[in-house]
Amino acid sequence: MTAETTPPIATREHTVDGFVREFLRELNFGQGVDLTRASVNDKYLAMARTVRHYLMTRWLSTLRSQAKLQAKSVAYLSAEFLLGRQLDNALLASGLEDIVSEGLESLGIDLEELRQAEIEPGLGNGGLGRLAACFIDSLATMNVPSIGYGIRYEYGIFKQTFVDGWQVEKPDDWLRLGSPWEFPHPEAAVKVNFGGHVEQYQDDDGVVKRRWVPGWSVLGVPYNYMVPGYDEGRVNTLRLWSARATRAFDLEIFNSGDYAEAVRAQTFAENISKVLYPEDSTPQGKELRLQQQYFFVACSIKDFVDQVLPQDFDLHKLPDRIVFQLNDTHPVIAVPELMRVLVDEKGWDWDEAWAVTKQCFAYTCHTLLPEALEVWPVDLLGRLLPRHLEIIYRINDEFLAELRVAYPHDELRVRRMSIIAEYPVRAVRMAYLATVAGTKVNGVAALHSQLLRDKVLDDFAGYWPEKFTNVTNGVTPRRFLKLSNPGLSGLITEAIGDGWVTDLDQLKGLEPLADDAEFRRRFREIKYANKLRIASVLEQRDGIVVNPDTLFDVMVKRLHEYKRQTLKLLHIVSLYEKITTGKIAVADVTPRTFAFGAKAAPGYVLAKQIIALINAVGRTINDDPALEGRLRIAFPANYNVTLAETLIPAADLSEQISLAGKEASGTGNMKFMLNGALTIGTDDGANVEIRELVGDENFFLFGLTEPQVAEVVERGYHPSAYYETNLDLRNALDLIASGAFSGGDRATFEPIVSNLLNEDRFLALADFQAYVDAQARVDVAYADSEDWTRRAVLNVARGGFFSSDRSMRDYIDRIWHTYPVAPEA
Ligand code: C3B
């Protein structure tokens, strides 16, 4: 037998006995313990490795067929992949669920306990990172050749704790108990350079060229993760890079006898992949962050060009083999990096290299907040990546020359479109660079893409209208319905079969059942069971008691002013104020549980004050006997993917109340819809499409529209005017200002109140009355439980569009032009 003909021996016996044998073998040989002495962690690790074995045949055959067929692949470049726990998804993908529960039971092991032992890899901040994880799941399920490239942060998103209601961050040491899902390949480490300078030289033909003389370098070690598709699909790869010191680097210093300095140097190199930056939507121009960005894209491009492609591959054909999808601006430094590889390393001339490079990238923009568009000061970029800065300058020079031909009498426009900003400091606008280099630029919801064209990138859309497109976000129905809501997915499958798991449009088949009283009864029963489930989780996890016989009103997302958690809070405080002053009878209040989940960026002072205020209001109203337990705030700390998976299926009402024109898409909104919550929301992001699909009558719309917001701002917004004229609003704000929630201390929350009264950047006060009115409509609707359930069922039935499988189809049709390739049998 030769290496080529040797069949993989990774097949495993799909029987209970076979599984039990595999599991015990892992426990004994992998963990070195026997069952009687095994800890929960031993059992979890052995279990994870066993399940992994069952996926191995598919992974190896995916890799084999990829090497053979060389089909065009998508490389999804993303600084974040917020994966969530792996075990359940791997069980689902391997079709092992039943076998495993039976097998473990026969051994007296509680599967649930093993599930809980898994620490989720929190390698992302929020929506953008979770979207990347949904996308790679869909790509594998749909048999699309693809590879995810990112960073293996040693510490993921911080663990949030509350001390006296204030957020305190703790490091997320997610690797501490072992990491059974990864395959490290230190032997395949890749070298990445930084710093130094650029020099001129003559090549063998006497041509004057420029090359980079780097100052220092690190190694990138690849860690591979399986990305298993559902139901016999491909098992694609996620390759995350970890930084290590180069041997040359420390040998040199060791030889000089300075042991301490050598160790310090090592730590310095390894810092690059040490920690995920916890800023969501507002990047900080930190040098280490640029190091991270360059580190992972340089590793990835080198990996693809030198390892994934065959050795004799003609790089002129690169665009037929790959499309690098830039997930926001974080990986955009990949553009000059590919140019550098082609020009400096492969010796191509500039035009030839640019012609290929500009066919290899596409760019997804995830924001509309101007402060969220990354900009790198040229002095910083030039210090760290001097050759890349030169390349960017040349790309820009040629681009501006082209523009001057197109707009000979509009130098202002030409300057507006420059990749290099001159003010307040000279800096590289990464979004512009991505737009110039990308074959396509897409926003993440219809409204967002429109606003990108009309506002943020309007000059570019005018110049290249065909470059701009939309792909509305989606979420994976495997994790966010099938796995997270077994009750509802069982009911759905009973009604329409299980084809919906990979073809979510089939949920349409549920529509007629909205009018079926028995179906509705069962649907309600499941919602109730989901409330009991989260109630027990919250009690054990956080010591929080909630009443399942209440309307579950849920707002979970990062804490950001534009998302307007304060608007939600003002509604609660206003209700409380009216009850305690006798304006409304407590018996007339719809019993509600207000659930919050939100992390604030550690340096975002106002956001942290808002967290403290939510907790303070919670303490006050939860303990106030006057409310007779009818209103309660539940704010569990450390909201993450794992908690989302139990909280969202229990929700009745989904809060999507950002200021119109600020939330690019939202993806939580889609998860709630698919789990049978109704939305109260503004005309923003994907809410617009949710409302169109579910129908106005099944959505609680309120608030200014984006054009109205623009008009108000244009006229000059004065939040205090709303305070003066709206008594309820005034009473709510006065109550906060009075110290009612801070033990009489008026100073604690004064910054929040004064910010709202004097600045209120996101127009919370302008939308207050509309929001309160919409909540009154919610109360009325909820009182008719049959009709509420009918609407909830319609939300599920009409939510199929929001599958990330559909998003992937759109990317394939509009941007990537790749084809599915099933793994070899
Ligand atoms: C988010 C946006 O804020 C969301 O509206 C959007 O749904 C997701 O991306 C996914 O597209 N986003 C983020 O999480 N982090 C950023 N840096 C920018 C946008």
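Since the model is a prediction, treat every value here as computed from it, not as a measurement.

A closer look at the nonpolar core
No. 1: Core analysis: the largest hydrophobic core is formed by 240 residues, its most contacted members being Phe295, Ala334, Leu433, Val617 and Leu647.
No. 2: In contact with alanine 334, other than residues within four places in its own chain, are Leu77, Val297, Ile301, Phe324 and Leu326.

Points about the pairing of strand E9 (residues 197–202)
No. 1: Of all the 6 residues making up E9, 0 are buried; the element is thus mostly uncovered.
No. 2: Where E9 meets strand E10 (residues 208–213), 6 bridges bridge the pair, whose relative direction is antiparallel. Each residue of the ladder has a partner; that of glutamine 202, found in E10, is valine 208.
No. 3: Hairpin connection, E9 to E10: the antiparallel pair is bridged by 5 residues, and glycine 206 has positive phi, about 80 degrees.

So, the UniProt feature "modified residue: N6-(pyridoxal phosphate)lysine" (unreviewed entry) in the protein
No. 1: According to UniProt, the positions carrying the feature "modified residue: N6-(pyridoxal phosphate)lysine" (unreviewed entry) are Lys671.
No. 2: Counting through the fold element by element, lysine 671 comes out in helix H25 (residues 668–674).
No. 3: Residue classification places lysine 671 among the buried residues on the basis of 30 C-beta atoms within 10 Å.
No. 4: If sequence neighbours within four positions are ignored, lysine 671 has contacts with Val475, Phe480 and Ile648.

Focus on the sheet that holds strand E17 (residues 427–429)
No. 1: As summarised here, the arrangement of the 3 strands in space is E15-E17-E16, forming an open sheet in which the pairing is antiparallel. Looking at which strands have only one partner, the edges of the open sheet turn out to be strand E15 (375–377) and strand E16 (420–421).
No. 2: Across 3 bridges, the pairing between E15 and E17 is antiparallel. Each bridged residue has a counterpart across the sheet, and for tryptophan 376 the counterpart in E17 is valine 428.
No. 3: Helix H16 (residues 430–437) rests against E15 and E17 of the sheet, and its axis sits at about 50 degrees to E17.

Focus: the environment of histidine 316
No. 1: Looking at the secondary structure, you find histidine 316 in the loop between helix H9 (287–308) and helix H10 (318–321).
No. 2: The exposure class assigned to histidine 316 is partly exposed, which follows from the 13 C-beta atoms found within 10 Å.

Concerning helix H23 (residues 605–623)
No. 1: Relative to the 27 Å expected for 19 residues at 1.5 Å per residue, H23 spans 27 Å between its end C-alpha atoms, a close match to the ideal helical length.
No. 2: The set of residues buried in H23 consists of Ala607, Gln609, Ile610, Ile611, Ala612, Leu613, Ile614, Asn615, Ala616, Val617, Gly618 and Ile621.

What about the site of the ligand?
No. 1: Gly127, Leu128, His366, Ala664 and Ser665 are the nearest of the 19 residues found near the ligand.
No. 2: Residues of the shell around the ligand, tallied by class, amount to 5 nonpolar, 11 polar and 3 charged.
No. 3: Mapping the shell around the ligand onto the domain boundaries places at least three of its residues in each of domain 2 (70–85 + 120–472 + 810–816) and domain 3 (477–802).

Conventions adopted
Residues numbered from 1 in each chain as written. Predicted model: local features only at pLDDT ≥ 70, side-chain atom pairs only at ≥ 80, totals over all residues. Core = buried A, V, L, I, M, F, W, Y, C linked by C-beta atoms within 7 Å. Buried ≥ 20, exposed ≤ 12 C-beta atoms within 10 Å, placed from the backbone. Contact = placed C-beta atoms within 7 Å. Helix = DSSP H or I, 4+ residues; strand = E, 2+ residues; numbered from the N terminus. Pairing = 2+ DSSP bridges. UniProt positions renumbered as here; feature names shortened; annotations may be inferred. Axes fitted to C-alpha atoms, helices over the stretch in contact; angles between N-to-C directions. Expected span 1.5 Å × (residues − 1). Near = placed C-beta within 6 Å. Nonpolar A, V, L, I, M, F, W, Y, C, P; charged D, E, K, R; others polar. Domains from an automatic or database assignment.

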